[in-house]
Amino acid sequence: LLLFVTQIFAGIIQTPVKSVNLTNKTITIDISNVDVGMSGFIIHKISNDKEMILKNVVVSSFDATNGLATLSMSDYEDLKNQALPRGRWSVDIGDTVVLAFGYNRALLIAPNEDIYHRISKAVNVQWIHPDIFATILSLNAHPTPLKEDFSDVSSTASIGLIYFYIKEKFYTVDANSFKVLSISSAPLGDKVTNLPFYTRLGKIENNWWNFGEGTDQLEDYNSYYKALLLKYNPQLRGEL
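Residues numbered from 1 in each chain as written. Predicted model: local features only at pLDDT ≥ 70, side-chain atom pairs only at ≥ 80, totals over all residues. Heavy atoms only, no water.

(A) Layout of the packing of aromatic side chains. Under the defined criterion, the tally for this structure stands at 14 aromatic pairs. Arranged with centres 5.8 Å apart and planes meeting at 45 degrees, the rings of Phe164 and Tyr225 form a pair that is tilted. Highlighted residues: Phe164 in strand S10 (residues 161-166) and Tyr225 in helix H5 (residues 221-232), separated in sequence by 61 residues. When its relative accessible area of 0% is taken as the criterion, Tyr225 is described as buried. An aromatic cluster is defined as three or more aromatic residues linked by ring pairs; in this entry it consists of Phe133, Phe150, Phe164, Phe178, Phe197, Tyr221, Tyr224, Tyr225 and Tyr232. (Phe/Tyr/Trp six-rings, centres within 6.5 Å; stacked < 30°, edge-to-face > 60°. Helix = DSSP H or I, 4+ residues; strand = E, 2+ residues; numbered from the N terminus. Buried < 20%, exposed > 50% of the residue type's maximum accessible area, 1.4 Å probe, protein only.)

(B) Seen up close, the sheet that holds strand S11 (residues 169-174). The 5 strands lie next to each other as S9-S8-S10-S11-S12, forming an open sheet whose pairing is mixed. The outermost strands of the open sheet, each flanked by one partner alone, are strand S9 (126-128) and strand S12 (180-185). This sheet shows a mean twist of 25 degrees between the axes of neighbouring strands, independent of strand direction. By the bridge criterion, 5 bridges tie S11 to S12 in an arrangement that is antiparallel. (Pairing = 2+ DSSP bridges. Axes fitted to C-alpha atoms, helices over the stretch in contact; angles between N-to-C directions.)

Honestly, that's just the spatial picture; any functional story needs more than this.
Next comes the structure, spelled out in structure tokens:
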């Protein structure tokens, strides 16, 4: 089942922009199947041999009856450089939408080493070790990870997916939109819990002068991550 879930998101999707609504900051594409919450970007052709990324996109709705998906646009900031000119190009019909980019690289949040190794061996993706994420949390002085911390590791390590094992369920989450793409049963047991997740770095400390969200030590693994996913996926209340 875990292998099947991963294969669903294994390939990059490329398709042209069908329509553009600059007022609502949305575009539409023709596609046979796509998951709401899947993220990507828009490539605009400048000349015969030059292209650039104009916008980030997230699938906001999909109508299976006519194969039409609506995507919301936002500024693309991953390669932001104040020293370079930004240009004045706008999204046009025919520009290329790229979805599921980086879905072959993933981070797994698991409660203990046993579950981490069982899942990471079963799912065929390039895993980014949670020690890297723990290092980012240490730099941010966040013993309890926030969505912004996951965004940091997504951008830094070019991660497309984040997997969460929470109370015998396996959640596939888009790393950029933080939307849950799939939920599957995975009764692996979680009698031992490492906080805030399995990592070899040990306890993540907060700075004494640092206050606010993410600065307290995480006390309940299952409750916290379930609430975090629900915060950004309220439509799944009752399923999470």
